[in-house]
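One-letter residues, chain by chain:
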Amino acid sequence: MNIDLFNYRRRDASVTHVGHTPMGGRNPIRLQSMTTTPTTDTEASVKQSAAIAAAGGEYVRLTTQGVREAENMANIRCALHEQGVTVPLVADVHFNPHVAEVAAEHVEKVRINPGNYTDPARQFRSLSYTDEEYAAEIDKIEKRLVPLLDICREHHTALRIGVNHGSLSDRIMSRYGDTPEGIVESCMEFLRICRKHDFHDIVISIKASNTVVMVLSVRLLVERMDAEDMHYPLHLGVTEAGEGEDGRIRSAVGIGALLADGLGDTLRVSLSEAPEREIPVARLLRDHLTARQGHAPIPGTAAHDYCYTRPERRPTTAVGNIGGSQVPVVICTAAEYDASAALHPDYLYVGRKLPSQRMEGTGYIVDFDVWDGTPNTYPIFSHQALPFVGMVQAERKFVVLEYGCPSEEYIACLKAHPEVVVVALSRHQNPLGEWRALTHELWRTGLTNPVIPCRAYRYGHDEVEAMQIETAADMGVMFIDALADGIWLMNEGDIPAETITNTAFAILQAARCRVSATEYISCPGCGRTLYDLQQTIAQVKAATRHLSGLKIAIMGCIVNGPGEMADADYGYVGAARGRISLYRRKECIEKNIPESEAVERLLALIEADRQAR
């Protein structure tokens, strides 16, 4: 796979034609969203599609459960064109190949899900196939897929092969397990059939609510496609990302990790909010990362033991509570910190003077030349102050290094002082490239000092959303790569230190390496959603936010529900209009209960499990 870890360059993808808005090649990274209206409601669907287009959405996707919905796409398209809105429409199809064939005559792109296109809906059954029987299943897929390819070819309709981690078939799960390999093979089966029949207007998506699974699966897919000389465009998204700052940070960590390596040709930020509100978030994320194009080169070299598609944590020596097998720490810069805040940083850098009152459990970092041995305080050194590291007798020390400064001196210092934590500071246009380059250099030379990436930002009090998205996109990948032992977000604007700290903890949680709050996995909603999603999310959050450490899924319907929320402790899933089913991981505990009772019954289930422990 031709990925440069240290220098930003967009992947060379083939071009896929989607109406008048092609993707891949040298085209811009396209932005899109999905309506939440019933696709049989022409007026509502047209209104919402137009709002998405007005916000800058370049494709609009609509759920297409049945033939009625597929046929009505023609009316929606016609009504939009009458308003001068010519945004390409995408039909989202699950379970029924015939619906995809009907929709392909009326829209610019059809999305199908390999997990349920011909295989039965996922039931978490263990199946056994001989190689011959497995090959026969692939033949069934081919016979069912080829008619759709013929219709798409005739009508110049593109095809999105959209694999969802939550809806892998029992057939794939039984042979490959719940792994990136299984996710990728589910996609490759369909791609090989498309190539065999000379159909190439394809875009691929691999989505999961787990950012690490999503990122590593896309990386592996690109590797497998390259090996088979396939270069189709990629659609990026974190499914069931949620709402508010949680959804934004989780999406920025997952999507940003791929965009930062030049992967991705279209993206959707799936938020449990009005669909047009997804577009500005997607644009900010895209523009922030593509701004690295043409940056000053970073001459990094990868460590021999690093694997891009299956990264394992870089070996480090624990320095106090930093490094080794411990969770990453959070460092914040502030002269004072609100002790009543819900989250406290592990370390607070206070410069040259300790605050009058200190928080219990928080370490304090001070400039080395004023450090006096006060308990639970630690000195920090600039690169220029390396000669003084050995003169200060502290059990834990921090040294700020930037990639590109003379390495002989700091390598010798770090070899002699395993008690030093490296603060990897970057001011580069591509900070990820420098963080990676420095960390890989230490790894290659056998140094096991922990590394904490650090960057100074400048955001005003009205730029909290931008701060959350951009810092998550910058920093998150270092934890997915398993290279970092902490996070230090410096902000030179007027956003409170407590908000910066909350963001740092949220990035670590989104990257699946440290849990600090209740986590909510919620779908963005679509025409299949069976209840008021935003109101329900608010109710569930209000009732459960105190349950720290739990993952709770709130899903509009069963399409991805039981699968995506297998990673959650509990699930709240729309079963029918006004009816909810409750899950404990993959197991349905209560079916079709009245929506009015569902939140209370969810709380009772959680409490019963806690009492039983």
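Residues numbered from 1 in each chain as written. Predicted model: local features only at pLDDT ≥ 70, side-chain atom pairs only at ≥ 80, totals over all residues. Heavy atoms only, no water.

A.B. asks: Give a detailed account of the overall build of the chain, specifying residues and quantitative values.
C.D. replies: Regarding its fold elements, the chain presents 16 helices and 21 strands. In terms of overall size, the chain behaves like a compact globule, its C-alpha atoms giving a radius of gyration of 25 Å where 613 residues would be expected to give roughly 25 Å. Summarising its shape, the C-alpha atoms of the chain cover approximately 75 × 55 × 55 Å along the three principal directions. A burial count over the chain gives 62% of its 613 residues as buried. For the chain, contacts bridging at least 24 residues in sequence account for 68% of all contacts bridging at least 6. By element, 49% of the accessible surface of the chain is carried by carbon and sulfur atoms, the whole surface being about 23000 Å². Distance between charge centres in the chain, computed from 62 positive and 80 negative side chains, equals 2 Å. (Helix = DSSP H or I, 4+ residues; strand = E, 2+ residues; numbered from the N terminus. Rg over C-alpha atoms; globule rule 2.2 N^0.38 Å. Buried < 20%, exposed > 50% of the residue type's maximum accessible area, 1.4 Å probe, protein only. Contact = heavy atoms within 4.5 Å. Areas by Shrake-Rupley, 256 points an atom, 1.4 Å probe, with all protein chains shown as cover. Lys, Arg positive; Asp, Glu negative; His and termini not counted. Charge placed at Lys NZ, Arg CZ, Asp CG, Glu CD.)

A.B. asks: Could you give me a rundown of the sheet that holds strand 15 (residues 451-457), with the residues and numbers involved?
C.D. replies: Taken in spatial order, the eight strands line up as 9-10-11-12-13-14-15-16 and close into a barrel, and their pairing is parallel. Averaged over all pairs of adjacent strands, the angle between their axes in this sheet comes to 25°, without regard to strand direction. Bridge count for strand 12 (residues 377-381) against strand 13 (residues 397-401) is two bridges, and the pairing is parallel. By the bridge assignment for strand 13, Ile380 is matched with Phe398. Here helix 12 (residues 464-480) sits on the sheet and contacts strand 15 and strand 16 (486-491); the angle it forms with strand 15, its principal contact strand, is near 170°. (Pairing = 2+ DSSP bridges. Axes fitted to C-alpha atoms, helices over the stretch in contact; angles between N-to-C directions.)

A.B. asks: How would you summarise the layout of surface pockets if you had to cite specific residues and measurements?
C.D. replies: In this structure, the largest pocket encloses a volume near 500 Å³. In terms of lining residues, the largest pocket is bounded by 21 residues, among which Glu245, Asp246, Ala517, Thr518 and Arg545 are the most central. Every element with two or more residues in the lining of the largest pocket is listed here: helix 8 (244-259), helix 13 (497-510) and strand 17 (519-522). For the lining of the largest pocket, a count of residues per class yields eight nonpolar, six polar and seven charged. (1 Å grid on protein atoms, 1.4 Å probe; cavity = no way out; pocket = protein on both sides within 12 Å on 5 of 7 lines; lining within 4 Å. Points joined across faces, edges and corners; volume = space filled by probe spheres on them. Nonpolar A, V, L, I, M, F, W, Y, C, P; charged D, E, K, R; others polar.)

A.B. asks: I'd love a proper account of the pattern of salt bridges, names of residues and values included.
C.D. replies: Scanning the entire structure with this criterion turns up 41 salt bridges. The shortest N-O distance in the salt bridge between Glu181 and Arg310 comes to 2.9 Å. In this pair, Glu181 sits in helix 6 (residues 180-196) while Arg310 sits in the loop between helix 9 (278-290) and strand 9 (329-333), placing the two residues 129 residues apart along the sequence. Residue Glu181 is classed as partly exposed on the basis of its relative accessible area of 22%. Between Asp474 and Arg292 there is a salt bridge, and its shortest N-O distance comes to 2.4 Å. Within this pair, whereas Asp474 is found in helix 12, its partner Arg292 is found in the loop between helix 9 and strand 9, the two being separated by 182 residues in sequence. The residues Asp474 and Arg292 share a single accessibility class, namely buried. Taken together, the shared-partner salt bridges in this structure form one network comprising Glu185, Arg192, Arg195 and Glu228. (Salt bridge = Lys/Arg side-chain N within 4 Å of Asp/Glu carboxyl O.)

A.B. asks: Please give an account of the packing of aromatic side chains that cites residues and values.
C.D. replies: Using the criterion set out here, one finds nine aromatic pairs in the structure. Plain terms: the ring middles of Tyr306 and Trp443 are 6.4 Å apart, the flat faces sit at 75° to each other, and that makes the pair edge-to-face. Of the two residues, Tyr306 is situated in the loop between helix 9 and strand 9 and Trp443 in helix 11 (residues 431-444); the sequence distance between them amounts to 137 residues. As far as burial versus exposure is concerned, Tyr306 and Trp443 are alike and both buried. Ring geometry for Tyr457 versus Tyr459: centroids 5.7 Å apart, planes at 20°, classification stacked. Of the two residues, Tyr457 and Tyr459, neither departs from the other in class, the shared state being buried. An aromatic cluster of at least three residues, connected via ring pairs, comprises Tyr347, Tyr378 and Phe398. Lying across the ring of Tyr59, Lys109 places its NZ or CZ 4.9 Å from the centre. If you follow Arg455 out to its NZ or CZ, it ends over the ring of Tyr457, 5.8 Å from the centre. (Phe/Tyr/Trp six-rings, centres within 6.5 Å; stacked < 30°, edge-to-face > 60°. Lys NZ or Arg CZ within 6 Å of the ring centre and 35° of its normal.)

A.B. asks: Residue-level account of the sheet that holds strand 8 (residues 266-267), with values.
C.D. replies: Judged by pairing direction, the barrel is parallel, and its eight strands sit side by side in the order 1-2-3-4-5-6-7-8 before closing back on the first. Across three bridges, the pairing between strand 3 (residues 89-92) and strand 4 (residues 109-112) is parallel. Residue Asp92 lies in a different strand from strand 4, and its bridge partner there is Arg111. Contacts from helix 2 (residues 67-82) reach strand 2 (59-63) and strand 3 within the one sheet, and its direction differs from that of strand 3 by about 165°.

A.B. asks: Can you break down helix 16 (residues 595-612) residue by residue, with the values?
C.D. replies: In this model helix 16 runs 26 Å from its N-terminal to its C-terminal C-alpha over 18 residues, within 8% of the 26 Å that 1.5 Å per residue would give. Among all positions of helix 16, only Ala598, Val599, Leu602, Leu605, Ile606 and Asp609 are buried. Contacts made by the buried residues of helix 16 are with helix 14 (533-544), strand 18 (551-555), strand 19 (570-576), strand 20 (579-584) and strand 21 (587-594). (Expected span 1.5 Å × (residues − 1).)

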